[in-house]
Amino acid sequence: MEIDPWASKGIKNYDEICEKFGLEKIDSSKLPNPTHLHRRGIIFAHRDLDSVLNARKSGKSFGVLSGLMPSGQMHLGHKMVIDQAKWFQDLGGDVTIAVADLEAHATRGLSLEKCRKYAVEEYISNYAGMGLNPEKTSIYFQSERSIVQKMGFTLGTKTNLSEMEAIYGFSGNTSLAHVQSPLVQAGDIVHPQLDEYGGLRPIVVPVGIDQDPHIRLTRGMVSKTNWFNVNNNKSGNLTIGLSIQDNNQEIMGIRSDGGIDKNQRKMIIDRAISAINKAGYKEINSNPKHGTIDVKDANTENRAEIQYELLTLERQLGGMGLMQPSSTYHQFAVGMTGGKMSSSQPETTIFLNDSMKSIEKKIKASFSGGQSTIEEHRSKGGNPEIDVAYQYLRYFFEEDDNELNKIREEYISGELLTGEIKAICVDKATTWMKTHHELKDQNQHLVKDFLN
Ligand code: TRP
């Protein structure tokens, strides 16, 4: 398995991942107000981000949904998802965050009480210092929002063990916790589209690349629930096809003997045509018997508008009318000892509740890309690609691109020594953390607002 969401081995080649799983690269020059994470290619790939960016451009609403595993201390790696969520919130999105207490319970063996404690004391209390707008942020527990569990069950009808095997590499002795959790996660991801949680609108899921298997699964299941498929046809236009499913046979004009009820079929095709008209497209040819509608004045670029109207119609007819979620992915910062960052090995990362002293100690002991002697370093220079101090400045602590570039060049040239780049990192990291702790303390009252 290239990507295992429960035991990520660390990814060597991000380009290859994009290629293999059909992720699109992010071009930060096309983004509004890109952050340092976008500008530096750390948030590097997406699925269907345009549907969110287009909604924003035309003043329509969109949502952001992500989740946290409440199974230990919050560290810098976890912060990136919140940074992404905040960026989307600043662009106008409403933010929902799932506390994956059912997942942590099932896959890590923690009691739900313990999960709650970690979630509040480690994660949510740190989120309070990270600038999320409490009016537009809602955090919930999987175990307490029964609709996400129900949606997980409903979507589960659209997958099977073979698909799960193909996506996750499951085998006979895989615990069913790893079957259940992705379904609940799919429920998390789609539920903000339900009428009582904000209604039909694009939802973007900012996550680490390790979570892409869940996104792929969810997108696949969602598209299989859709009653109207919108596809490109050979002439470069769009064709809409009725998707006949167990729960919509009668509405789609299928008689109990399997034949076609012509009147009912005409009715459903006519309603689909008015939905397409409503999106602004008029040159239509339909074939009720086949259950297809060609739209000659629309092409790929108009797909989203037409689909939106058809999903609205599907809801009127009693279907779920779900859009496929969008997603963005961040890369992983190297662990401080040069391997993986891991909550269970405190020396590999900085926790948001670490003291200044422990931050200093960890950075000083961190893996270096410098040479072993000063003379050698002055002549050969350091390697910023593998240097933890440099990478942590790049990921977390130096937001100014010019400043970061200067450090990089001086390190490569050998002008900046290992001890010196570490000192810069300690300085920036402790400054950042002091501010964070202050903001966190000032804003603890937000915890209960988030949980409302
Ligand atoms: N599985 C995620 C993790 O391990 C947590 C999670 C649960 C999540 N539900 C989610 C992430 C929905 C994104 C969207 O971190």
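Residues numbered from 1 in each chain as written. Predicted model: local features only at pLDDT ≥ 70, side-chain atom pairs only at ≥ 80, totals over all residues. Heavy atoms only, no water.

**Comments concerning the overall build of the protein chain**
For step 1, the next point in the chain: Within the protein chain one finds 18 helices and 11 strands.
For step 2, the next point in the chain: Against the globule reference of 22 Å for 452 residues, the protein chain gives a C-alpha radius of gyration of 25 Å, in line with a compact fold.
For step 3, the next point in the chain: By its C-alpha atoms, the protein chain is 85 × 50 × 45 Å across when sized along the principal axes.
For step 4, the next point in the chain: Here the protein chain, with 452 residues, has 52% of them falling under the buried criterion.
For step 5, the next point in the chain: Across the protein chain, the fraction of contacts at a sequence separation of at least 24, relative to all contacts at a separation of at least 6, is 73%.
For step 6, the next point in the chain: Entry remark: accessible area of the protein chain is about 20700 Å², with carbon and sulfur atoms responsible for 48%.
For step 7, the next point in the chain: Counting 52 positive and 58 negative side-chain charges, the protein chain places the centres of these two groups 3 Å from one another. (Helix = DSSP H or I, 4+ residues; strand = E, 2+ residues; numbered from the N terminus. Rg over C-alpha atoms; globule rule 2.2 N^0.38 Å. Buried < 20%, exposed > 50% of the residue type's maximum accessible area, 1.4 Å probe, protein only. Contact = heavy atoms within 4.5 Å. Areas by Shrake-Rupley, 256 points an atom, 1.4 Å probe, with all protein chains shown as cover. Lys, Arg positive; Asp, Glu negative; His and termini not counted. Charge placed at Lys NZ, Arg CZ, Asp CG, Glu CD.)

**Structural notes on the pairing of strand E5 (residues 137-141)**
For step 1, the next point in the chain: With 5 of 5 residues buried, E5 lies mostly within the body of the structure.
For step 2, the next point in the chain: Across the two faces of E5 the burial is the same, with Thr137, Ile139 and Phe141 and Ser138 and Tyr140 all buried.
For step 3, the next point in the chain: In this structure, strand E4 (residues 94-99) lies alongside E5, joined through 5 bridges in parallel fashion. Residue pairing for E5: Thr96 is matched across the bridge by Ser138. (Pairing = 2+ DSSP bridges.)

**Details of unusual backbone geometry**
For step 1, the next point in the chain: One non-glycine residue, Asn33, lies in the positive phi region at around 45°.
For step 2, the next point in the chain: Tracing the chain through its elements places Asn33 in the loop between strand E1 (24-25) and helix H2 (36-39).
For step 3, the next point in the chain: Of note in the backbone geometry, Asp48 takes a positive phi value of approximately 55° without being a glycine.
For step 4, the next point in the chain: Residue classification places Asp48 among the partly exposed residues on the basis of a relative accessible area of 31%.

**Describing the site of the ligand**
For step 1, the next point in the chain: Around the ligand lies a shell of 13 residues, among which Gly67, Glu103, Gln185, Asp188 and Gln211 are the nearest.
For step 2, the next point in the chain: Glu103 is positioned such that a nitrogen or oxygen atom in its side chain is 2.7 Å from a nitrogen atom of the ligand.
For step 3, the next point in the chain: Within the side chain of Asp188, one N or O atom sits 2.7 Å away from a nitrogen atom of the ligand.
For step 4, the next point in the chain: Coverage of the ligand by the protein chains reaches 91% of its 360 Å² of free accessible surface.
For step 5, the next point in the chain: Counting residues per element, the ones that place at least two in the shell around the ligand are strand E3 (63-68), helix H9 (177-190) and strand E6 (203-208).
For step 6, the next point in the chain: Among the residues making up the shell around the ligand, the classes are represented as 6 nonpolar, 5 polar and 2 charged. (Near = heavy atom within 4 Å. Polar contact = N/O pair within 3.5 Å; in protein donor to acceptor, adjacent residues only side chain to side chain. Nonpolar A, V, L, I, M, F, W, Y, C, P; charged D, E, K, R; others polar.)

**Description of the side chain of Thr239**
For step 1, the next point in the chain: When you line up the elements, Thr239 lands in strand E8 (residues 238-242).
For step 2, the next point in the chain: Of the residues examined, Thr239 reaches a relative accessible area of 16% and is grouped as buried.
For step 3, the next point in the chain: Among the polar contacts listed, one links the side chain of Thr239 to the side chain of Asn233, at a separation of 2.9 Å.
For step 4, the next point in the chain: One polar contact links Thr239 to Asp294, side chain to side chain, over a distance of 2.7 Å.
For step 5, the next point in the chain: Apart from residues no more than four positions distant in its own chain, Thr239 is found in contact with Asn229, Val230, Asn231, Asn233, Thr292, Ile293 and Asp294.

**Quick notes on the packing of aromatic side chains**
For step 1, the next point in the chain: Taken as a whole and judged by the stated rule, the model has 9 aromatic pairs.
For step 2, the next point in the chain: Relative to Phe88, the ring of Trp87 has its centre 4.9 Å away and its plane inclined at 65°; by these criteria the two rings are edge-to-face. We note that Trp87, like Phe88, is buried.
For step 3, the next point in the chain: Here a set of aromatic residues connected by ring pairs shows up, and it is made of Tyr392, Tyr395, Phe396, Phe397 and Trp432.
For step 4, the next point in the chain: We note Arg116 situated over the ring of Phe141; from NZ or CZ to the ring centre the distance is 4.0 Å. (Phe/Tyr/Trp six-rings, centres within 6.5 Å; stacked < 30°, edge-to-face > 60°. Lys NZ or Arg CZ within 6 Å of the ring centre and 35° of its normal.)

**Digging into the sheet that holds strand E7 (residues 228-232)**
For step 1, the next point in the chain: Spatial ordering of the open sheet is given by E7-E8-E10-E9, a layout of 4 strands whose pairing is antiparallel. Each end of this open sheet is capped by a strand with a single partner; those strands are E7 and strand E9 (284-287). Direction aside, neighbouring strands of the sheet carry axes that sit 20° apart on average.
For step 2, the next point in the chain: Bridging between E9 and strand E10 (residues 292-295) involves 4 bridges; their strand directions are antiparallel. What sits directly across from Ser286, in E10, is Ile293.
For step 3, the next point in the chain: Packed on one face of the sheet, helix H11 (residues 262-278) meets E7, E8, E9 and E10 and runs near 25° to E10.
For step 4, the next point in the chain: Docked against the sheet, helix H12 (residues 303-316) engages E7, E8 and E10, running at close to 165° with respect to E7. (Axes fitted to C-alpha atoms, helices over the stretch in contact; angles between N-to-C directions.)

**A word on the domain arrangement of the protein chain**
It is common to give the size of an interface as the accessible area lost on bringing the parts into contact.
For step 1, the next point in the chain: For the protein chain, the domain assignment lists domain 1 (14-225 + 323-330), domain 2 (228-317) and domain 3 (346-450).
For step 2, the next point in the chain: Computed from C-alpha atoms alone, the centre-to-centre distance between domain 2 and domain 3 is 56 Å. (Domains from an automatic or database assignment.)

**Here we look at helix H5 (residues 101-108)**
For step 1, the next point in the chain: Asp101, Glu103 and Ala104 are the residues of H5 that are buried. For H5, the angular spread of the buried residues around the axis is 160°, confining them to a single face.
For step 2, the next point in the chain: Packed against the buried residues of H5 are E4, helix H6 (112-127), E5 and H9.
For step 3, the next point in the chain: Remark: Gly109 follows H5 within two positions and exhibits a positive phi of approximately 70°. (Arc of directions from axis to C-beta.)

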